[in-house]
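Chain and residue survey
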Amino acid sequence: DAKTTQPPSMDCAEGRAANLPCNHSTISGNEYVYWYRQIHSQGPQYIIHGLKNNETNEMASLIITEDRKSSTLILPHATLRDTAVYYCIVRVSFSSNTGKLIFGQGTTLQVKP
Amino acid sequence: DSGVTQTPKHLITATGQRVTLRCSPRSGDLSVYWYQQSLDQGLQFLIQYYNGEERAKGNILERFSAQQFPDLHSELNLSSLELGDSALYFCASSVRTSGITGELFFGEGSRLTVL
């Protein structure tokens, strides 16, 4: 699985959009981009994933560049409860590997009032 | 609530002892994953089972072992415990169905403290 690079920490004002970048320059054509978050010592929580098209769900939007070498997770209106460590992970299609996720160090997002 | 249940939530024990952590996956999930999270190591993948069989192995020590039972619950056994084994241990489960990019559902973890 390809390696990802994320900034170690970011701040965001409450109510503003939080844009979390991820670099995955060695991503392969069959690898998906997954985002998970972990709120202080709780179990990691799935946010969103995508292959090459932009994706949106009730939690966030995922923007993947055309060359797929980087992506941005967008939390449109960050709240204090969004303070967490956000992990960007790339992984091949679930059906063609074991399904395990390899976590990096992630980005600690601090949402401030 | 992810639907994954882990017990115990907290466990304090002494060096040299043995403990068993238990995980009940979501109903219908065939895969179980174990992760260790210590302060200085982040989330480390330990091992995965699928329908009772070991499927993938990560950075799991020889002192640790796991199994998945016919009812699909899983146990992680940690023996000859050392201070450095103090950590949060997470279990996750997923559906393994061809063609679906499934997500992992994590439990709330078992916090192990070795004194």
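Our subject is the structure that appears above.
These numbers were taken from a predicted model, which means no experiment stands behind them. (Residues numbered from 1 in each chain as written. Chains lettered and ligands numbered in written order. Predicted model: local features only at pLDDT ≥ 70, side-chain atom pairs only at ≥ 80, totals over all residues. Heavy atoms only, no water.)

A look at the overall build of chain B
Of regular secondary structure, chain B possesses 0 helices and 11 strands. The linear arrangement of helices and strands in chain B, starting from the amino end, is β-β-β-β-β-β-β-β-β-β-β. The C-alpha atoms of chain B give 14 Å as radius of gyration, which agrees with the globular expectation for 115 residues (13 Å, within 12%). A buried classification covers 50% of the 115 residues belonging to chain B. Relative to all contacts within chain B whose residues are 6 or more apart in sequence, the contacts with residues 24 or more apart total 54%. Accessible area for chain B stands at about 5500 Å²; split by element, carbon and sulfur atoms hold 47% of it. Treating the 9 positive side-chain charges of chain B as one cloud and the 12 negative ones as another, the clouds have centres 2 Å apart. (Helix = DSSP H or I, 4+ residues; strand = E, 2+ residues; numbered from the N terminus. Rg over C-alpha atoms; globule rule 2.2 N^0.38 Å. Buried < 20%, exposed > 50% of the residue type's maximum accessible area, 1.4 Å probe, protein only. Contact = heavy atoms within 4.5 Å. Areas by Shrake-Rupley, 256 points an atom, 1.4 Å probe, with all protein chains shown as cover. Lys, Arg positive; Asp, Glu negative; His and termini not counted. Charge placed at Lys NZ, Arg CZ, Asp CG, Glu CD.)

Some remarks on the side chain of T4 of chain A
All names here are of chain A. Topologically, T4 is positioned in the segment before β1 (9-13). A polar side-chain atom of T4 sits 3.1 Å from the main-chain carbonyl oxygen of C88. Setting aside chain neighbours within four positions, we find T4 in contact with C22, N23, H24, C88, I89 and V90. (Polar contact = N/O pair within 3.5 Å; in protein donor to acceptor, adjacent residues only side chain to side chain.)

Observations concerning the state of the cysteines
Residue and element names in this part refer to chain A. Using the criterion set out here, one finds 2 disulfides over all chains in the structure. Paired by a disulfide, C22 and C88 hold their sulfur atoms 2.1 Å apart. For the disulfide bridge between C22 and C88, the dihedral angle about the S-S bond is near -80 degrees, and by the sign convention the bridge is left-handed. Taken as a pair, C22 in strand β2 (residues 18-23) and C88 in strand β8 (residues 84-92) lie far apart in primary sequence, 66 residues in all. (Disulfide = S-S within 2.5 Å.)

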